[in-house]
Amino acid sequence: MVQQHQRKSRSILVGLVGAGIQESRTPRLHEREGAAQGLRYEYRLIDLETLKRDGSALPEILTDAQRAGFAGLNITHPCKQSVIPLLDELSAEAEALGAVNTVVLQDGRRIGHNTDRSGFEKSFQRDLADACRERVVQFGAGGGGAAVAYALLSLGVGELSIIDTEPQRAEALAESMCRRFGPARAVADPDAAKAVAAADGVVNATPVGMARYPGSVIPAPLLRRELWVADIVYFPLETELLRQARACGCRTLSGGGMAVFQAADAFRLFTGLEPDSERMLKHFASM
């Protein structure tokens, strides 16, 4: 009884830092899991777009969060890499990926973690475990892209073609993945049409498809029934890419599963409690 009373008396304050995040389901997802575990759990949005600020506001945001007693912050586009120099320590995974999506604020220190990789991997294993993945094309080589590339290669993708609007960034990520997983496992590919034509699956790891960045990274004529198509965007849950892919008869994977599983891992880091992922999946589906 004492332990339960102590848990109920705990207050947890966390937030999400990013741009164009007003439609995010993450606050409700965390708060409902916190309530289910007897916590007073508050999750705030710190939207750079609404505040009319950019990434240069990160030092001030982190300092203010520490002063206000935040347990931590989730970090999303466009801050997953720019936040790193402002941190005191990185988990092994965040350091390997060069991207942070969760910052734990504890004892005056800022510790960066990455739960995107595990989130995507668990979602893929849940819904596309039997999908052929000898050749996969990934669009996006930013912070989210680094985590997804790591997950895809860990899941046994034979060759990962990485495409980005900044070719140097795609090359840097491909080189990093080859150092970790072996020669020729990842390549920067400038020819999207050729790469998709030879692929088993395609992943969008860019913000394109979000309400703030409408559209699709892949022209509809490149889609074909044999492809599976995954998107890490989850607001909206059905992006233009997924709508077009379903119309072609492709198997699809939305960003919802990744959102839930990465949130569950972040919840654990913020609270020290074990989240109920299945309950969180049901909460997400009901929103």
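The following refers to the structure shown. Within any chain, residue numbers begin from 1 and follow the written order of that chain's sequence. Confidence filtering applies because this is a predicted model: local features only for residues at pLDDT of at least 70, side-chain atom pairs given and counted only at 80 or more, and all residues used for totals across whole chains, interfaces and linings. No hydrogens and no water enter the side-chain calculation; it runs on all heavy atoms of the structure.

### Quick notes on the environment of Lys80
Argument step 1. Position of Lys80 relative to the elements: it lies in the loop between strand S3 (72-75) and strand S4 (89-90).
Argument step 2. The buried category is assigned to Lys80, whose relative accessible area is 13%.
Argument step 3. Residues are treated as being in contact if the distance between any of their heavy atoms lies within 4.5 Å. In this structure Lys80 touches Ile75, Ala99, Val100, Asn101, Asp116, Gly143 and Gly144, once residues within four positions along its chain are discounted.
Argument step 4. Two N or O atoms count as a polar contact when they lie within 3.5 Å, although within protein this holds only if one can serve as hydrogen donor and the other as acceptor, and sequence-adjacent residues are included solely when both atoms are side-chain atoms. Among the polar contacts made by the side chain of Lys80, one reaches the side chain of Asp116 at a distance of 2.7 Å. Elements are defined by DSSP. Helices are runs of H or I of four residues or more, strands are runs of E of two residues or more, and each kind is numbered from the N terminus. The classification of residues rests on relative accessible area computed with a 1.4 Å probe and restricted to protein chains. Under 20% of the type maximum is buried, over 50% is exposed, and intermediate values are partly exposed.

### Overview of the sheet that holds strand S5 (residues 102-106)
Argument step 1. DSSP bridges decide pairing: two strands pair if at least two such bridges lie between them. The strand order across the open sheet formed by six strands is S2-S1-S3-S5-S6-S4, and the pairing between neighbours is mixed. One side of each edge strand has no neighbouring strand; the edge strands of this open sheet are strand S2 (40-47) and S4.
Argument step 2. Along the sheet, helix H2 (residues 26-36) makes contact with S2 and S3, crossing S2 at roughly 170 degrees.
Argument step 3. Every axis corresponds to a line fitted to the C-alpha atoms, with the helix fit spanning only the stretch in contact, and the corresponding angles, defined between N-to-C directions, vary from 0 to 180 degrees. Here helix H11 (residues 256-271) sits on the sheet and contacts strand S1 (11-18), S2, S3, S5 and strand S6 (109-113); the angle it forms with S5, its principal contact strand, is near 10 degrees.

### Quick look at the sheet that holds strand S9 (residues 186-188)
Argument step 1. Across the sheet, which stays open at both edges, the six strands sit in the order S9-S8-S7-S10-S11-S12 with parallel pairing between neighbours. Each having just a single partner strand, S9 and strand S12 (251-253) make up the two edges of the open sheet. Across the sheet, the axes of successive neighbouring strands diverge by a mean angle of 20 degrees, strand direction being ignored.
Argument step 2. Where strand S7 (residues 135-139) and strand S8 (residues 159-163) come together, five bridges link them in parallel fashion. Bridged to Arg135 within S8 is Glu159.
Argument step 3. Against the sheet, helix H6 (residues 116-127) touches strand S10 (201-204), strand S11 (228-231) and S12, its axis set at about 150 degrees to S12.

### Some details on the pattern of salt bridges
Argument step 1. For this document, the term salt bridge refers to a Lys or Arg side-chain nitrogen within 4 Å of an Asp or Glu carboxyl oxygen. Under the defined criterion, the tally for this structure stands at 17 salt bridges.
Argument step 2. Notably, a salt bridge pairs Glu93 with Arg117, separated by 2.8 Å at the nearest N-O pair. In this pair, Glu93 sits in helix H5 (residues 92-97) while Arg117 sits in helix H6, placing the two residues 24 residues apart along the sequence.
Argument step 3. You can call Arg117 buried: its relative accessible area is 18%.
Argument step 4. Measuring nitrogen to oxygen at the nearest pair gives 3.6 Å for the salt bridge that ties Arg126 to Asp127.
Argument step 5. The exposure class assigned to Arg126 is partly exposed, which follows from its relative accessible area of 46%.

### A closer look at unusual backbone geometry
Argument step 1. For the bond from His77 to Pro78, the omega torsion is 10 degrees, close enough to zero to count as cis.
Argument step 2. Mapped onto the fold, Pro78 is located in the loop between S3 and S4.
Argument step 3. A positive phi angle, close to 55 degrees, is found at Lys52, a residue other than glycine.
Argument step 4. Note on placement: Lys52 falls in the loop between helix H3 (48-51) and helix H4 (58-68).
Argument step 5. Here Lys52 falls in the exposed class, since its relative accessible area comes to 74%.
Argument step 6. Positive phi values are uncommon outside glycine, yet Ala184 reaches one of about 70 degrees.
Argument step 7. Tracing the chain through its elements places Ala184 in the loop between helix H8 (167-181) and S9.

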